[in-house]
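Examination of the molecular architecture
The chain contents come next:
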Amino acid sequence: MLRRNGWTVVRRSRHGVVLERQFEGETRPRRTVISPKHQPLATGTLAQILGPKQTKLGRAGLEDLLQD
């Protein structure tokens, strides 16, 4: 889902997937780590991933990606 939002996979490991995206006006790309699929994400972890410090998606952005 994050790939559709412009994120690219940088690395995969047994600890998770590292994704990266360059935002306009920022000098360095942002990175986030998503845990493996076999482990469900806690609500707080998902909120942090969608928040302004990581993906900047928020709830509305997630809903838009789910509808596409």
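Predicted model, so just to flag it, every value in this text is computed and none were measured.

**Considerations on the pattern of salt bridges**
Under the defined criterion, the tally for this structure stands at three salt bridges. E20 is paired through a salt bridge with R31; the nearest N and O atoms lie 2.7 Å apart. Of this pair, E20 sits in strand 2 (residues 16-21) while R31 sits in strand 3 (residues 30-34), and the two are 11 residues apart along the sequence. Note that E26 is salt-bridged to K56, the shortest N-O span being 3.1 Å. Within this pair, whereas E26 is found in the loop between strand 2 and strand 3, its partner K56 is found in the loop between helix 1 (43-50) and helix 2 (58-67), the two being separated by 30 residues in sequence. Among the residues examined, E26 registers a relative accessible area of 24% and is labelled partly exposed.

**Section: the packing of aromatic side chains**
In the structure shown here, the tally under the stated rule is one aromatic pair. Residues W7 and F23 carry aromatic rings whose centres are separated by 6.0 Å and whose planes lie at 75° to one another, so their mutual orientation is edge-to-face. Taken together, the residues W7 in the segment before strand 1 (8-13) and F23 in the loop between strand 2 and strand 3 connect sequence positions 16 residues apart. The exposure class assigned to W7 is buried, which follows from its relative accessible area of 2%. Relative accessible area serves as the criterion here: at 11%, F23 is assigned to the buried category. The positively charged end of R30 is found above the aromatic ring belonging to F23, 5.5 Å away from the centroid.

**Digging into the pairing of strand 3**
Where burial is concerned, the two faces of strand 3 differ: the one with R30, T32 and I34 is buried and the one with R31 and V33 is not. The pairing of strand 2 with strand 3 spans five bridges and is classified as antiparallel. Bridge pairing in strand 3 places L19 opposite T32.

Rules used throughout
- Residues numbered from 1 in each chain as written.
- Predicted model: local features only at pLDDT ≥ 70, side-chain atom pairs only at ≥ 80, totals over all residues.
- Heavy atoms only, no water.
- Salt bridge = Lys/Arg side-chain N within 4 Å of Asp/Glu carboxyl O.
- Helix = DSSP H or I, 4+ residues; strand = E, 2+ residues; numbered from the N terminus.
- Buried < 20%, exposed > 50% of the residue type's maximum accessible area, 1.4 Å probe, protein only.
- Phe/Tyr/Trp six-rings, centres within 6.5 Å; stacked < 30°, edge-to-face > 60°.
- Lys NZ or Arg CZ within 6 Å of the ring centre and 35° of its normal.
- Pairing = 2+ DSSP bridges.

The analysis is restricted to geometry; functional conclusions fall outside its scope.
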